[in-house]
Amino acid sequence: MTVEGRFFLQRGGFTLDVDFRLPARGITALFGPSGCGKTTLLRAIAGLEPRARGRLKVGRALWQDEQVFLPTHRRSLGYVFQEPSLFAHLDVRGNIEYGLRRLPRSARRPSLDRAVELLGLESLLGRKPHQLSGGESQRVAIARALAVNPALLLLDEPLAALDEARKAEILPWLESLHRELAIPVVYVSHARDEVARLADHLLLLEAGQLRAAGAVDELFARLDLPLAHRPDAETIIETRVAGHDAEYELSWLDFSGGRFILARNHLPKGSRVRLQVKANDVSITLARQQGTSILNIFPAVVDALAEDDRAKVMVRLMLGEQPLLCRITRKSAADLALAPGKAVFAQVKSVALLL
Amino acid sequence: MFAEQDMQALWLSLKLAGLTTIILLFLGTPLAWWLARSRWRYKFLLEALVALPLVLPPTVLGFYLLVALGANGPIGRLMEALGGRPLAFTFAGLVVGSVFYSLPFVVQPLQNAFQAVGRRPLEVAATLGASPLDRFFSVALPLARPGFLTAAVLGFAHTLGEFGVVLMIGGNIPGSTQVISIAIYDHVEAMEYGRAYWISAGLLLFSFLLLLAVYGLNRRFSVARP
């Protein structure tokens, strides 16, 4: 079930004008700086911005066009707001059942149990909202949104109001959603690390306009986008666990351009893992370096260079199909005579598992 | 201690206050809801109108009501044309007067309570499939419960103490329009300080206990809120 939409909304000096398409499953991040229109777009999708004109089709169902405006309560969606916004007069069970009770009898599946299990809320069902921590409240809010079996799940910065410890508590739950849910999920965020961990696709918003859209690993590695020029710019690499080295306690992770070797994890062979390589942790040599402690060295081809600041350049390498960002000094780029098409070797000093 | 006429006046006051409160809760709830939610730019006109009885001398309100409800007033004539009789100097007239007189005491707490609920819980309810009416009853009303308690008690107590409006449109007919506050006045006029003292003390105690109950209950409700 794909989601296709186009929205136009003018408010004060701000104009939202976005034409987008979401894939049938997986998490799409709406990403951009504060005030770029992420939340407004999400609210428009939910029908909470009645003045937003446009068109929205979810699967085969038309939710909005020039003639049609399905009110929010008739749209099959789950919405998680920035603050948990639980109903203070109901306990946790009452909150989760609220939407369920409003479904037609035929549409009620045992989704309460599933939502409760997915978010680990069994022991909290009898509590009142004021007896919950911030992280627990947000988990209840997510379960409440999921319990209605929505066709589309909308999350508006569900971690923004939480401190680091609470974020770490919620993230694994969100990742399990990612694996378990067969519906499109839209996730608003301005935190790059959350997007890198959770999202499959990215809609990059800037001042109410769609700047770019595509797979998250592709967009992170595009030199024409601001993502590749942040101090902590990184490449995301999808890999598959190929096996483990018992003697040295290492794991082998294969991707289209080769094999990463890193400290052993306990993931079963064959599972998919996302790696993160900081552009500052990659260096370039013209010949394969011998006698080095670095394990991860890959043959690569220079794809493009872009000025990063006065002293640095960002180099986009291709390791087979896989792009890799590398930040080096402008002097090094000149000394190595780097130019598109040149064959080099990429040395990756450190790599992190996005778990 | 209490003469029969005093008991009659007390009973009439309680009946008047109770009936007025019930009517005001039914009329005031949609009005307060609209005032709390509307973004109409001239809404303040209506808010000022609702608040008017707070500052208007009761005799002024009573005078206009008397003119309107009396045999020669527009409403009085309408009542006669419909085969009824004018409302002035009747219990029904007192109810109409009291509804105007106590309107802000019911509408304002309700409006504040609805405003305190905010838009967010209603938006959440909408995303969970609740229609506008459903959202009102399943979310707005329960969350505004402390406001309803305050509104009911203030409306009731304020009507109980009504004097000027009643005197203007109801006169002082024992058993029909003589309410307790007017009975006190009568006793004082007649130099029956003893009887005035007992009724006044009773009303003082009653009012205080009522407010005590409101503040106590509202505190308990607010504990259950984040």
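Everything numeric in this text was worked out from a predicted model, so none of it was measured.

Before going further, it helps to spend a moment on the overall build of chain A. Of regular secondary structure, chain A possesses eight helices and 20 strands. Expressed as a percentage of its 355 residues, the buried residues of chain A come to 52%. For chain A, long-range pairs separated by at least 24 residues make up 66% of all intrachain contacts whose partners lie at least 6 apart in sequence. Accessible surface for chain A amounts to roughly 15,900 Å². Of this, 49% is attributable to carbon and sulfur atoms. Positive and negative charge centroids in chain A, built from 48 and 41 side chains respectively, lie 4 Å apart.

On to the packing of helix H1 (residues 4-37) of chain B against helix H5 (residues 91-117) of chain B. All names here are of chain B. Running from N to C, H1 and H5 cross one another at 45 degrees; their axes reach a closest spacing of 6 Å. The angle between the axes of H1 and H5 places the two elements in the oblique class. Between H1 and H5 lies a crossing whose hand is right-handed. The residue inventory of the contact of H1 with H5, partitioned by class, reads 21 nonpolar, seven polar and one charged.

In this section: the packing of helix H2 (residues 92-100) of chain A against helix H4 (residues 134-146) of chain A. Residues and elements named next belong to chain A. One way to put it is that H2 packs onto H4 with a least axis distance of 7 Å and a crossing angle of 30 degrees. Relative to H4, H2 is oriented roughly parallel. As H2 runs across H4, the sense of the crossing is right-handed. Across the interface between the two elements, Val92, Asn95 and Ile96 of H2 pack against Val140, Ala143 and Arg144 of H4.

A few words on the interface of chain B and chain A. Listed by partner, the interface residues are 21 residues for chain B and 19 residues for chain A. Roughly 1,800 Å² of surface becomes buried between chain B and chain A when both sides are summed, with 64% attributable to carbon and sulfur atoms. Its largest share of buried area at the contact with chain A, chain B owes to Arg120, Thr127 and Leu128 of chain B, together 36% of the area lost on that side. Our count for the contact surface shared by chain B and chain A stands at seven residue pairs in polar contact (both at pLDDT 80 or more). Those elements that place two or more of their residues in the side of chain B that touches chain A are helix H6 (120-127) and helix H7 (132-143) of chain B. Split into classes, the residues belonging to the side of chain B that touches chain A amount to 13 nonpolar, four polar and four charged.

Counted according to the given criterion, the structure contains 18 aromatic pairs over all chains. Centre to centre, the rings of tryptophan 34 of chain B and tryptophan 40 of chain B are 6.0 Å apart; their planes meet at 55 degrees, and the pair counts as tilted. With centroids separated by 6.0 Å and ring planes inclined at 75 degrees, the aromatic side chains of tryptophan 40 of chain B and tyrosine 42 of chain B adopt a geometry described as edge-to-face. For tryptophan 40 of chain B, a relative accessible area of 45% corresponds to the partly exposed category. Residue classification places tyrosine 42 of chain B among the partly exposed positions, given a relative accessible area of 38%. The side chain of arginine 144 of chain A reaches across the aromatic face of phenylalanine 87 of chain A, ending 4.9 Å from its centre. Its end group placed over the ring of phenylalanine 91 of chain B, lysine 15 of chain B keeps NZ or CZ at 4.9 Å from the ring centre.

Let's shift gears to helix H3 (residues 58-69) of chain B. With twelve residues, H3 of chain B should cover 16 Å at 1.5 Å per step; its first-to-last C-alpha distance of 16 Å lies within 8% of that length. Looking at the buried residues of H3 of chain B, the elements they touch are helix H4 (74-81), H5 and helix H9 (164-170) of chain B.

Our focus in this paragraph is the side chain of glutamate 162 of chain B. Residue and element names in this part refer to chain B. As for its placement among the helices and strands, glutamate 162 is situated in the loop between helix H8 (145-160) and H9. It is lysine 15 that comes nearest to the buried, bridge-free glutamate 162 among opposite-charge side chains, at 14 Å. Polar contacts involving the side chain of glutamate 162 include one to the side chain of serine 98, which spans 2.8 Å. Other than its neighbours up to four places away in sequence, glutamate 162 contacts Leu16, Gly97, Ser98, Tyr101, Val179 and Ser181.

Moving on to the nonpolar core. Judged by nonpolar contacts, the single largest core of 124 residues is most densely connected at Phe20 and Ile96 of chain A. The element best represented in this core is H5 of chain B, accounting for twelve residues. Setting aside anything within four residues of it in sequence, one finds phenylalanine 20 of chain A in contact with Val3, Glu4, Gly5, Arg6, Phe7, Leu41, Ile45, Leu56 and Leu203 of chain A.

Averaged over every residue, the pLDDT of chain B is 87; residues scoring 70 or more account for 96%. Averaged pLDDT values for the elements of chain B fall to 81 in H4 of chain B and rise to 95 in H6 of chain B.

Turning our attention to the pattern of salt bridges. All names here are of chain A. Throughout the structure, instances matching the rule amount to 24 salt bridges over all chains. For arginine 192, the salt bridge goes to aspartate 232, with nearest N and O atoms at 2.8 Å. On the criterion of sequence distance, the pair formed by arginine 192 in helix H6 (residues 192-198) and aspartate 232 in the loop between helix H7 (216-220) and strand E11 (234-245) is long-range, its members being 40 residues apart. Aspartate 200 is paired through a salt bridge with arginine 274; the nearest N and O atoms lie 3.6 Å apart. Of this pair, aspartate 200 sits in the loop between H6 and strand E9 (201-206) while arginine 274 sits in strand E14 (residues 272-278), and the two are 74 residues apart along the sequence.

Take the sheet that holds strand E19 (residues 343-348) of chain A next. Residue and element names in this part refer to chain A. As summarised here, the arrangement of the five strands in space is E15-E19-E16-E17-E18, forming an open sheet in which the pairing is antiparallel. The open sheet terminates on both sides in strands that have one partner only, identified here as strand E15 (282-285) and strand E18 (322-329). Each strand of the sheet is rotated relative to its neighbour by a mean of 45 degrees, with strand direction disregarded. Where strand E16 (residues 296-307) meets E19, six bridges bridge the pair, whose relative direction is antiparallel.

Residues and elements named next belong to chain A. Here chain A is described as being made up of domain 1 (3-229) and domain 2 (234-353). Here the C-alpha centre of domain 2 lies 33 Å away from the C-alpha centre of domain 1. Where domain 1 meets domain 2, there are two salt bridges. Here arginine 192 ties to glutamate 234 by a salt bridge, and the two come within 1.7 Å at their closest N and O atoms. Taken together, the links from domain 1 to domain 2 amount to five residue pairs in polar contact (both at pLDDT 80 or more). Those elements giving two or more residues to the side of domain 1 that touches domain 2 turn out to be H6 and H7.

Attention shifts here to the pairing of E18 of chain A. The side chains of a regular strand alternate, first on one face of the sheet and then on the other. Residue and element names in this part refer to chain A. Of all the eight residues making up E18, seven are buried; the element is thus mostly covered by neighbouring parts of the structure. Where strand E17 (residues 312-319) lies against E18, eight bridges are found, and the strand directions are antiparallel. When the sheet's bridge partners are listed, valine 313 is paired in E18 with isoleucine 328.

Residue and element names in this part refer to chain A. Pairing is antiparallel across the open sheet formed by five strands, whose spatial order is E13-E12-E11-E14-E20. Because the sheet does not close on itself, it has two edges, and the strands there are strand E13 (258-263) and strand E20 (352-353). Of the pairings in the sheet, the one linking strand E12 (residues 250-255) to E13 comprises six bridges and is antiparallel in character. In the strand pairing of E13, aspartate 254 is matched with arginine 259.

What counts as what
- Residues numbered from 1 in each chain as written.
- Chains lettered and ligands numbered in written order.
- Predicted model: local features only at pLDDT ≥ 70, side-chain atom pairs only at ≥ 80, totals over all residues.
- Heavy atoms only, no water.
- Helix = DSSP H or I, 4+ residues; strand = E, 2+ residues; numbered from the N terminus.
- Buried < 20%, exposed > 50% of the residue type's maximum accessible area, 1.4 Å probe, protein only.
- Contact = heavy atoms within 4.5 Å.
- Areas by Shrake-Rupley, 256 points an atom, 1.4 Å probe, with all protein chains shown as cover.
- Lys, Arg positive; Asp, Glu negative; His and termini not counted.
- Charge placed at Lys NZ, Arg CZ, Asp CG, Glu CD.
- Axes fitted to C-alpha atoms, helices over the stretch in contact; angles between N-to-C directions.
- Parallel < 35°, antiparallel > 145°, perpendicular 65-115°, else oblique.
- Left-handed = near helix turned anticlockwise from the far one by under 90°.
- Nonpolar A, V, L, I, M, F, W, Y, C, P; charged D, E, K, R; others polar.
- Buried area = accessible area lost by both parts, 1.4 Å probe.
- Polar contact = N/O pair within 3.5 Å; in protein donor to acceptor, adjacent residues only side chain to side chain.
- Phe/Tyr/Trp six-rings, centres within 6.5 Å; stacked < 30°, edge-to-face > 60°.
- Lys NZ or Arg CZ within 6 Å of the ring centre and 35° of its normal.
- Expected span 1.5 Å × (residues − 1).
- Salt bridge = Lys/Arg side-chain N within 4 Å of Asp/Glu carboxyl O.
- Core = buried A, V, L, I, M, F, W, Y, C linked by side-chain atoms within 4.5 Å.
- pLDDT = per-residue confidence, 0-100.
- Pairing = 2+ DSSP bridges.
- Domains from an automatic or database assignment.

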